[in-house]
Amino acid sequence: MRKLGRVSHYAKPGFLIVRTNWVPSINDRVVDKELTLIGVVKDVFGPVRAPYVALKPLVKNPEKYVNSVLYVDSRRGKHEGRKKARGSGSKGRPTPKRRG
């Protein structure tokens, strides 16, 4: 878990704006100190040395997180949501029948 930064404000289009000193990846999960999922990173903008991060909140009342410190959740891998193919084939389809 890596500290992202402090929430600056809640913007009108529905994003939480966080000031940070490093650049997270797009779609990284953001949590609070109790590891509650707050949102995901949707945009990084501003100066290179101290960028802003726009988070799409996944909580009902995102205004209450203004001035709180948030963290990027690194407990799970980046390929968490991908499904594995069934069977031995890589595309998940049966092998063709032999002719002759």
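The following paragraphs examine the structure supplied in this document. (Residues numbered from 1 in each chain as written. Predicted model: local features only at pLDDT ≥ 70, side-chain atom pairs only at ≥ 80, totals over all residues. Heavy atoms only, no water.)

## Some remarks on the overall build of the protein chain
Step number 1: From N to C terminus, the protein chain includes 0 helices and 6 strands.
Step number 2: In sequence order, the secondary structure elements of the protein chain are arranged as β-β-β-β-β-β.
Step number 3: Buried residues in the protein chain amount to 30% of all 100 residues.
Step number 4: Long-range pairs, those at least 24 residues apart, make up 53% of the contacts in the protein chain between residues at least 6 apart in sequence.
Step number 5: In the structure as shown, the protein chain presents an accessible area of about 7800 Å², 50% of it carried by carbon and sulfur atoms. (Helix = DSSP H or I, 4+ residues; strand = E, 2+ residues; numbered from the N terminus. Buried < 20%, exposed > 50% of the residue type's maximum accessible area, 1.4 Å probe, protein only. Contact = heavy atoms within 4.5 Å. Areas by Shrake-Rupley, 256 points an atom, 1.4 Å probe, with all protein chains shown as cover.)

## Some remarks on the side chain of Asp73
Step number 1: With respect to the helices and strands, Asp73 occurs in the segment after strand S6 (69-72).
Step number 2: Setting aside anything within four residues of it in sequence, one finds Asp73 in contact with Arg29 and Val31.

## Brief notes about the pairing of S6
Step number 1: Here 4 bridges tie strand S1 (residues 2-10) to S6, and the two strands are oriented antiparallel to one another. Each residue of the ladder has a partner; that of Lys3, found in S6, is Tyr71.
Step number 2: In terms of strand pairing, strand S3 (residues 29-31) meets S6 through 2 bridges, oriented antiparallel. Residue pairing in the sheet places Val31 in a bridge with Tyr71 of S6. (Pairing = 2+ DSSP bridges.)

## Here's the deal with the sheet that holds S1
As a general point, the strands of a sheet are linked pairwise by backbone hydrogen bonds and lie either parallel or antiparallel.
Step number 1: Reading around the circumference, S1-S2-S5-S4-S3-S6 is the order of the 6 strands in this closed barrel, with antiparallel pairing throughout. In this sheet, neighbouring strand axes are inclined to one another by 45 degrees on average, regardless of whether the strands run parallel or antiparallel.
Step number 2: Here 3 bridges tie S3 to strand S4 (residues 37-45), and the two strands are oriented antiparallel to one another. When the sheet's bridge partners are listed, Val30 is paired in S4 with Gly39. (Axes fitted to C-alpha atoms, helices over the stretch in contact; angles between N-to-C directions.)

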